[in-house]
Amino acid sequence: MISAKEALDRLRSGNRRFVAEKTDREAGRSRTRRDELLSGQAPCAVILGCSDSRVPAEIVFDQGLGDLFVIRVAGNIVAPSQIGSVEFAVDRFDTRLVVVLGHPDCGAVQATLEELHRPTEERSPNLASIVDRIVPSVDHLLPGTEGRSPDEVLDDAVRANIFASVEGLWHGSELLEEEVRRHSLLIVGAEYSLETGVVEFFES
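Note that this is a predicted model, so its numbers are computed, not measured.

Draft legend 1. Molecular detail of the packing of helix α6 (residues 125-138) against helix α7 (residues 150-171). Interhelical geometry of α6 versus α7 gives an angle of 105 degrees and a closest axis separation of 8 Å. Taken together, the axis directions place α6 and α7 in an arrangement best described as roughly perpendicular. For the pair formed by α6 and α7, the contact residues are I134, S137 and V138 on the first element and A157, A160, N161 and A164 on the second. Within the contact of α6 with α7, the residues separate by chemical class into 5 nonpolar, 2 polar and no charged.

Draft legend 2. Structural detail: the packing of helix α5 (residues 107-117) against α6. Where α5 contacts α6, the two axes come as close as 9 Å, and the packing angle between them is 75 degrees. In terms of axis orientation, α5 runs roughly perpendicular to α6. Listed contacts from α6 to A108, V109, A111, T112, L113, E115 and L116 of α5 are I130, V131, I134, V135 and V138.

Draft legend 3. Quick peek at the sheet that holds strand β1 (residues 45-49). If you walk across this open sheet you meet the 5 strands as β2-β1-β3-β4-β5, and the pairing is mixed. Every other strand in the sheet has two partners, leaving β2 (68-72) and β5 (199-202) as the edge strands with one partner each. Along the sheet, successive strands turn relative to each other by an average axial angle of 25 degrees, direction set aside. In this sheet, strand β3 (residues 97-102) lies alongside β1 in parallel orientation, the contact comprising 4 bridges. In the sheet register, G49 faces β3, and the bridge partner there is L101. Its contacts with the sheet put helix α4 (residues 80-93) on β1, β2 and β3, and the angle it makes with β2 is roughly 170 degrees.

Draft legend 4. Quick look at the packing of aromatic side chains. The final tally for this structure, using the stated rule, is 6 aromatic pairs. Taking the centre distance of 6.0 Å and the plane angle of 50 degrees together, the rings of F69 and F93 count as tilted. Of the two residues, F69 is situated in strand β2 and F93 in helix α4; the sequence distance between them amounts to 24 residues. The exposure classification of F69 matches that of F93, with both residues buried. Note on F88 and F93: the rings are 5.5 Å apart at their centroids and 90 degrees apart in plane angle, and the pair reads as edge-to-face. Accessibility expressed as a relative area gives 18% for F93, which makes it buried. What links up through ring pairs into an aromatic cluster is the set F69, F88 and F93.

Draft legend 5. Main features of the environment of V180. With respect to the secondary-structure elements, V180 resides in helix α8 (residues 174-181). Residue class for V180 comes out buried when judged on its relative accessible area of 12%. Along the chain, V180 and D155 lie 25 residues apart, while their C-alpha atoms are 28 Å from each other. Those residues in contact with V180 that lie beyond four places of it in its chain are W170, L185 and I187.

Draft legend 6. A look at the pairing of β5. Sheet topology note: the strand β4 (residues 186-192)/β5 ladder contains 4 bridges and is antiparallel. Residue Y192 lies in a different strand from β5, and its bridge partner there is V199. Where β4 folds back on β5, the antiparallel hairpin that results is connected by 6 residues, among which G197 adopts a positive phi of roughly 85 degrees.

Each value, and the rule that gives it
- Residues numbered from 1 in each chain as written.
- Predicted model: local features only at pLDDT ≥ 70, side-chain atom pairs only at ≥ 80, totals over all residues.
- Heavy atoms only, no water.
- Axes fitted to C-alpha atoms, helices over the stretch in contact; angles between N-to-C directions.
- Helix = DSSP H or I, 4+ residues; strand = E, 2+ residues; numbered from the N terminus.
- Parallel < 35°, antiparallel > 145°, perpendicular 65-115°, else oblique.
- Contact = heavy atoms within 4.5 Å.
- Nonpolar A, V, L, I, M, F, W, Y, C, P; charged D, E, K, R; others polar.
- Pairing = 2+ DSSP bridges.
- Phe/Tyr/Trp six-rings, centres within 6.5 Å; stacked < 30°, edge-to-face > 60°.
- Buried < 20%, exposed > 50% of the residue type's maximum accessible area, 1.4 Å probe, protein only.

That's the geometry; what it means functionally is another story.
This is the structure:
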């Protein structure tokens, strides 16, 4: 078992390699590695990330086959299926680190802010289910936004949504909450910079 601290250090190191363009494209992707994984997997971290094509977790953390248990959904929202997937990895593979990975200019968060300003009935029920998950984390940001640019408001909303997803995992599952209480599981938020490629972790 890899501890949460070891896993976090591994992700940080991988991201530094990615930013420095010193990744090994063959590392963790060889036939030998595929053969090793035939007997099972032991991912070092669970990544709940946004589906945005610009933020593939394995690439930005320079990880290979079997290293990460990745769950991707627009807006990195937390719904029962996402919680269940995280529980599965924690319980089945003894993974000790869970990262909620968001990013600036998130389309799902932007759509939510637009919905709060101008509600529409044209959005499909399926898309509305994503927006509805994000609304509670960002609606408190709208009062007092006069004089602030839309980009500033969106940046704050993206981070608020990351923190809300961390809380949703932490307190939305008895299994995960108990693992956190025992200090063996760490659930953290993180934000990937589209401009620099750097991932900033919010450990507190």
